[in-house]
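Summary of the model geometry
Here are the chains, one letter per residue:
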Amino acid sequence: MIRTEEELNSTRDRMFHEAKDGKSFFGLVELMKNKQAIITAIHNIKSNKGSYTPGIDNKDIDHILQLDEEYLISLVLHSVDNYEPTPVRRVYIPKTNGKERPLGIPTMIDRIIQELARLILEPIAEAKFYHHSYGFRPYRSAEHALARVRDLICKSKTYFAIEGDIQAFFDNVNHNKLIETLWTMGVKDKRYLAIIKKMLEAGYMEKGNLFSTDVGTPQGGIISPLLANIYLNHFDWMIANEYEYHSHTNRYTRRDSAYDRLMKRGHQPTFLVRYADDWIILTKTEENAKRILEKIDKYFSHRLKIRLSPEKTLITDLRVRPAKFLGYCLKADKPRKSDKITGILYPDMKKLGNKIRDISRDVKRLRYLHDMEWAAVNIEKINAKIVGLANYFNKGISKRALQKIDNRLFWKMAVSMKWLYGCEKINQVFIKAYDSIDSFNNRKFRHSGYLTKSFFVEFDGLRIGLTLASITPVAYSRNFNRKWTPYTIVGRNLWRQVSCLQVFPFRY
């Protein structure tokens, strides 16, 4: 019996350790039906801003929270016992290449059951995952993946990169293969597996029509990212067993001795870094890269029933031209005043340009001013986007990229201010500097020994203006510490210390 959230966390910790020991798991549905697990799942969903997006029944989290607690618990229990998911509501969001990405939005009850299933499955899966898979996992972020790739180039001298792209990955996940993977991972509760299978086959509604889903896992579902990582886990370990975790290395107490022996036997250093369905493999020779790519192509086609995108899957010599990974360009080059080749990261200006255009459209809307309160609220929203963009693209050689954000948005803001105030009054809303009271997001506008300028609007006695990306300090990406995990006391304490120091943004 689990009566408190602390006992639930202890149970999940125990599942994590038992999964590492190779144990199998039964009775998972009973754990899903625990009252404390249901309350925790609802709280997790409530903290997500997507909880206010309704499914096909037009009910959001507010409707759920207004129900009587005992009635809500009994409703969830009945839904688990007689699980028949409602089709998801399909919407489309634009991609940077002009295409659209389909999202499936489940109903609130289905979201609660998905979150329950995720709570139970995640500690088991985390114990089995490859160490250098970083996407949609607790305490991990794109920053760690970028740091790993950069350091591999420097330490292992692997200058040939396979830039991998899976063609419509989320739309082509094979359901039977995924269930088989869960079974081999130790999930032996057939009722739980039946619930997962029904989630995958729920179908979707679009323009009043019902469509079936024989393959794929819907993007937008709470459990979908976890299932996607599980589906690709065998691929991760297949590449890892090529060199990094080759069975031969188990015979040695020192890994460097094992790797020396492997290279003498003809094995080339090969390393994989994956973030969701984006991945990159580094190796020493072009011949080995071609061999591995051919092996991956066959593995994907015959085992996982997915395909590589021929246009986006490339073999790149990083000393000649950069590879692209997670919005950054990655190159093997000599820094200034150095003869040693190292890994260099800098923002992909094409990706950055697309993000700047999105923010520019928000700045342009300021021309159609309703009132000063409306302008102040929207400028703060724009500032939040600028800060988020700067915090993502400051992980490499990024100073010029951050200045580009400011330059583009400065002139866009200038045009908007001219529309609002006219050319003769533009100087009245353009000030030289901000003190600690007027700073945006508590960021002082003093850098490089001089004070900067920005446009603003006045509301309620405050000056609210456009922040700058370039005042965000460049912070090179840092590697992930394997001891950080939410399923051990030591791991949680270490992460709490790091979070308090704000070394990494909290992503869980």
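Everything below is about the structure printed above this text.
These remarks concern the structure in this document. (Residues numbered from 1 in each chain as written. Predicted model: local features only at pLDDT ≥ 70, side-chain atom pairs only at ≥ 80, totals over all residues. Heavy atoms only, no water.)

**Here's the deal with the overall build of the protein**
For clarity, the cut-off: Every helix listed is a DSSP run of H or I at least four residues long, and every strand listed is a run of E at least two residues long, numbered separately from the N terminus. When we talk radius of gyration, it's over C-alpha atoms, and the globule rule is simply 2.2 Å times the number of residues to the 0.38. Exposure classes here rest on a 1.4 Å probe applied to the protein chains alone. A residue is buried below 20% of its type maximum, exposed above 50%, and partly exposed in between. Contacts are assigned to residue pairs that have any heavy atoms within 4.5 Å of one another. All accessibility values rest on the Shrake-Rupley procedure with a 1.4 Å probe; residue burial counts only the protein chains present in the view.
A count of helical and extended segments in the protein gives 16 helices and 16 strands. In terms of overall dimensions, the protein is globule-like: its C-alpha atoms have a radius of gyration of 25 Å, near the 23 Å expected for 508 residues. Dimensions of the protein along its principal axes, counting C-alpha atoms only, are 75 × 70 × 45 Å. Looking at the protein as a whole, 50% of its 508 residues qualify as buried. Counted over contacts in the protein with a minimum sequence separation of 6, partners at least 24 positions apart contribute 71%. About 25,900 Å² of surface is accessible on the protein, with carbon and sulfur atoms providing 50% of the total.

**Digging into the packing of aromatic side chains**
The line we're drawing: Aromatic rings from Phe, Tyr and Trp, with only the six-membered ring used for Trp, were paired whenever their centres fell within 6.5 Å, and each pair was classed as stacked if the ring planes differed by under 30 degrees, edge-to-face if by over 60, and tilted otherwise. Throughout this description, the term charge over a ring refers to an Arg CZ or Lys NZ atom that lies within 6 Å of the ring centre and within 35 degrees of the ring normal.
Following the criterion strictly, the structure yields 23 aromatic pairs and no others. Ring centres of Phe 169 and Phe 170 lie 5.2 Å apart, and the angle between their planes is 70°; on these two criteria the pair is classed as edge-to-face. The two residues Phe 169 and Phe 170 agree in class, both being buried. Relative to Tyr 259, the ring of Tyr 243 lies with its centre 4.8 Å away and its plane at 20°, an arrangement referred to as stacked. Highlighted residues: Tyr 243 in the loop between helix H10 (224-240) and helix H11 (255-264) and Tyr 259 in helix H11, separated in sequence by 16 residues. Of the aromatic side chains, those joined through ring pairs into one cluster are Tyr 134, Tyr 139, Phe 480, Trp 484 and Trp 495. Here the basic side chain of Arg 90 rests over the ring of Tyr 204, its NZ or CZ set 3.7 Å away from the ring centre. Here Arg 140 stacks its cationic end above the ring of Phe 480, 4.2 Å away from the centre of that ring.

**What about the packing of helix H6 (residues 108-128) against helix H9 (residues 190-200)?**
This is how it is decided: Each axis is a line fitted through C-alpha atoms, and for a helix only the stretch in contact is used; angles between axes span 0 to 180 degrees, taken between their N-to-C directions. Angle categories are assigned with fixed cut-offs, so that under 35 degrees is roughly parallel, over 145 is roughly antiparallel, 65 to 115 is roughly perpendicular, and the rest are oblique. Two helices that cross are described as forming a left-handed crossing if the nearer one is turned anticlockwise from the farther one by less than a right angle, and a right-handed crossing if clockwise. When residues are sorted by character, Ala, Val, Leu, Ile, Met, Phe, Trp, Tyr, Cys and Pro go into the nonpolar class, Asp, Glu, Lys and Arg into the charged class, and all the rest, Gly among them, into the polar class.
At a minimum axis distance of 11 Å, the contact between H6 and H9 shows a crossing angle of 130°. Here H6 is positioned oblique relative to H9, judged by the angle of their axes. Where H6 crosses over H9, the handedness of that crossing is left-handed. Contacts between H6 and H9 involve Ile 113, Gln 114, Ala 117, Ile 120 and Leu 121 on the former and, on the latter, Tyr 192, Ile 196 and Met 199. Here the residues of the contact of H6 with H9 are counted per class, giving seven nonpolar, one polar and no charged.

**A closer look at the environment of Asp 62**
Checked against the element boundaries, Asp 62 lands in helix H4 (residues 61-65). Linking Asp 62 and Lys 46, residues 16 residues apart in sequence, is a C-alpha distance of 8.9 Å.

**Section: the environment of Ile 2**
Position of Ile 2 relative to the elements: it lies in the segment before helix H1 (5-20). With relative accessibility at 12%, the residue Ile 2 sits in the buried group. Counting along the chain gives 294 residues from Ile 2 to Ile 296, while the straight-line C-alpha distance between them is 44 Å.

**Some thoughts on the nonpolar core**
Threshold: As used here, the term nonpolar core means buried Ala, Val, Leu, Ile, Met, Phe, Trp, Tyr and Cys residues forming a set that is joined through side-chain atoms within 4.5 Å.
Formed by 76 residues in total, the largest nonpolar core has its most connected members in Tyr 192, Ile 196, Ile 230, Phe 235, Trp 279, Ile 296 and Phe 300. Of all the elements, H6 adds the most residues to this core, at 12 residues. With residues near it in sequence (within four places) discarded, Tyr 192 still touches Leu 28, Val 29, Met 32, Ala 117, Ile 120, Leu 121 and Val 187. One finds Ala 145, Tyr 159, Phe 271 and Leu 409 within the second-largest nonpolar core, a separate group that totals 56 residues.

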